[in-house]
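# Structure at a glance
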Amino acid sequence: MAGLSLKGINKLYPNGFHAVKDLDLEIGDKEFIILVGPSGCGKSTSLRMIAGLEEISSGELYIDDTLVNDVAPKDRDIAMVFQNYALYPHMTVYENMAFGLKLQKKSREEIKERIDIAAKILNIAALLNRKPKELSGGQRQRVALGRAIVREPKIFLMDEPLSNLDAKLRLQMRSELNKLHKNLQTTFIYVTHDQTEALTMGTRIVVMNEGVVQQVAEPQTIFEKPANLFVAGFIGSPQMNFINCSIHEEAGSIYADFNNHRLLFPTDKAQLIKAKNYVGKEVIIGIRPNHIHAIAEADFPYESCCLKGTVEVKELLGTETHLHIKADQLEFICVVKPSLEVQVGVNIEIAMNMDKCHVFDKETEMAVF
């Protein structure tokens, strides 16, 4: 069992910088938790406080109901995998993996057994006699993982372990880490700034910004029901489109008005707006790029949610194409089929699927729905 409980955790540096603010988080045994956010949001600092590499300014950290604020890192039964691998260059792969076990006074036979098991799991058995300089980036990362695995810790901490790998290898290693988590049945806490990694790997995601937790939920919930404007804009690629609007009611229908355009809300969302007293107020509408359609592709039933714009950028991505469109000083990104014949500089008509829209309070930036 390896559950963690973070209660009111703060990190305040001597220069006054408040890196982590009142972090409350419950992590269950065998969870795969992802801490995600932009650079400087406090995610790595949070991880280092869990590891004991950073002192906690205030708050309480429990591992399996034991307060560990003042417990040394070596006594917390954790293993950490770093972004830069942190391998000893003068040691072979075998010696790197065995180093921590030797410090624990494990027998030669037990060390060999653990290394053989980890090497088989990670497919690095043929590399045990090599030194780090003879390995590729992906192989070094596997060795760093192997060094953590042989310790058989309660908790694995990983600080952006894939950021130095190329795109193809990152994709492969994401899959390998998911398999590893299932095989080891151990608690994983993983830090990344890459929201794609977060969505594809975690059982739950913790989105952070400026030291504050913005939302904690399962990946699908984070994507479909962002708690606020920051989460909506950070999670998802391409980024969600945002429009500043005012809400009006006319002849029983609810509209979002902006720049001499108006978008009609479907009945269910119109009822929510009225129930939450947003008629007559300023809001921010959010629509993901795959919910903005080019009228030229097919017939869409969104006649009251259409506007015309100019294609400024066209990005061909194989299975889909991203169009950057400017309409009345507003910029949108929409996703279209590669077969759509449209060129940069031409005018195009697009339609918003308001069934899929998000609405955020303009003052608080919190989600209305």
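Residues numbered from 1 in each chain as written. Predicted model: local features only at pLDDT ≥ 70, side-chain atom pairs only at ≥ 80, totals over all residues. Heavy atoms only, no water.

### Side note on the packing of helix H4 (residues 137-149) against helix H5 (residues 167-184)
We count it as follows: Each axis is a line fitted through C-alpha atoms, and for a helix only the stretch in contact is used; angles between axes span 0 to 180 degrees, taken between their N-to-C directions. The numbering of helices and of strands both runs from the N terminus, where a helix is a DSSP run of H or I of at least 4 residues and a strand a run of E of at least 2. Angles are sorted into four bins: roughly parallel if under 35 degrees, roughly antiparallel if over 145, roughly perpendicular if 65 to 115, and oblique for all others. Should the near helix be turned counterclockwise from the far one by less than a right angle, the crossing is left-handed, whereas a clockwise turn marks it as right-handed. We call two residues in contact whenever any of their non-hydrogen atoms come within 4.5 Å of each other. In this classification, Asp, Glu, Lys and Arg are treated as charged, Ala, Val, Leu, Ile, Met, Phe, Trp, Tyr, Cys and Pro as nonpolar, and every other residue, Gly included, as polar.
Contact geometry for H4 and H5: axes closest at 12 Å, N-to-C directions at 15°. The angle between H4 and H5 places the two elements in the roughly parallel class. Regarding H4 and H5, the two cross each other, and that crossing is right-handed. Between H4, through Gly138, Gln141, Arg142, Leu145 and Ile149, and H5, the contact on the second element is made entirely by Leu169, Gln172, Met173, Glu176, Leu177, Leu180 and Leu184. Tallied by class, the residues present in the contact of H4 with H5 amount to seven nonpolar, three polar and two charged.

### Structural notes on the domain arrangement of the chain
Definition in use: Domain start and stop positions are those given by an automatic or database domain assignment.
Here the domain parsing of the chain yields domain 1 (4-227) and domain 2 (241-361). Relative placement of domain 1 and domain 2: their C-alpha centres are 40 Å apart.

### Comments concerning the sheet that holds strand S9 (residues 204-209)
For the record, the criterion: One requirement defines pairing of two strands: DSSP has to find at least two bridges between them.
One open sheet holds the six strands; their spatial order is S6-S7-S8-S3-S9-S10, and the pairing between them is mixed. The sheet is open, and its two borders are formed by strand S6 (78-81) and strand S10 (212-217), each paired with just one other strand. This sheet shows a mean twist of 15° between the axes of neighbouring strands, independent of strand direction. Direction of pairing for strand S7 (residues 155-159) relative to strand S8 (residues 187-192): parallel, over a ladder of five bridges. Within S8, the residue paired with Leu157 across the bridge is Ile189. Sheet contacts for H5: strand S3 (32-36), S7 and S8; angle to S8, the most-contacted strand, approximately 160°.

### A few points about the sheet that holds strand S16 (residues 306-316)
If you walk across this open sheet you meet the five strands as S15-S19-S16-S17-S18, and the pairing is antiparallel. Where the open sheet ends on each side, the last strands, each with one partner, are strand S15 (292-294) and strand S18 (330-336). With strand direction ignored, the average angle separating the axes of adjacent strands in the sheet is 45°. Two elements, strand S17 (residues 321-327) and S18, share seven bridges in a ladder whose sense is antiparallel. Looking at S18, one finds that Thr321 is bridged to Val336.

### Some thoughts on the environment of Glu341
We apply this condition: Relative accessibility under 20% of the residue-type maximum defines a buried residue, over 50% an exposed one, and the middle range a partly exposed one, all with a 1.4 Å probe and only protein chains included.
Of note, Glu341 is situated in the loop between S18 and strand S19 (347-352). Look at Glu341 and you get exposed, because its relative accessible area is 76%. Sequence separation between Glu341 and Ser46 is 295 residues; the distance between their C-alpha atoms is 48 Å.

### Comments concerning helix H9 (residues 267-275)
What counts is decided by this rule: For this quantity, the arc is that covered by the directions from the helix axis to the C-beta atoms.
Of the residues making up H9, those classed as buried are Lys269, Ala270 and Ile273. Looking straight down H9, one finds its buried side chains confined to an arc of 105°; they lie on one side. Exposed and facing more than 90 degrees away from the buried side of H9 are Thr267, Gln271 and Ala275. Taken together, the buried residues of H9 touch strand S11 (241-250) and strand S12 (253-258). Immediately beyond the C-terminal end of H9, within one or two residues, lies Asn277, with a positive phi of roughly 60°.

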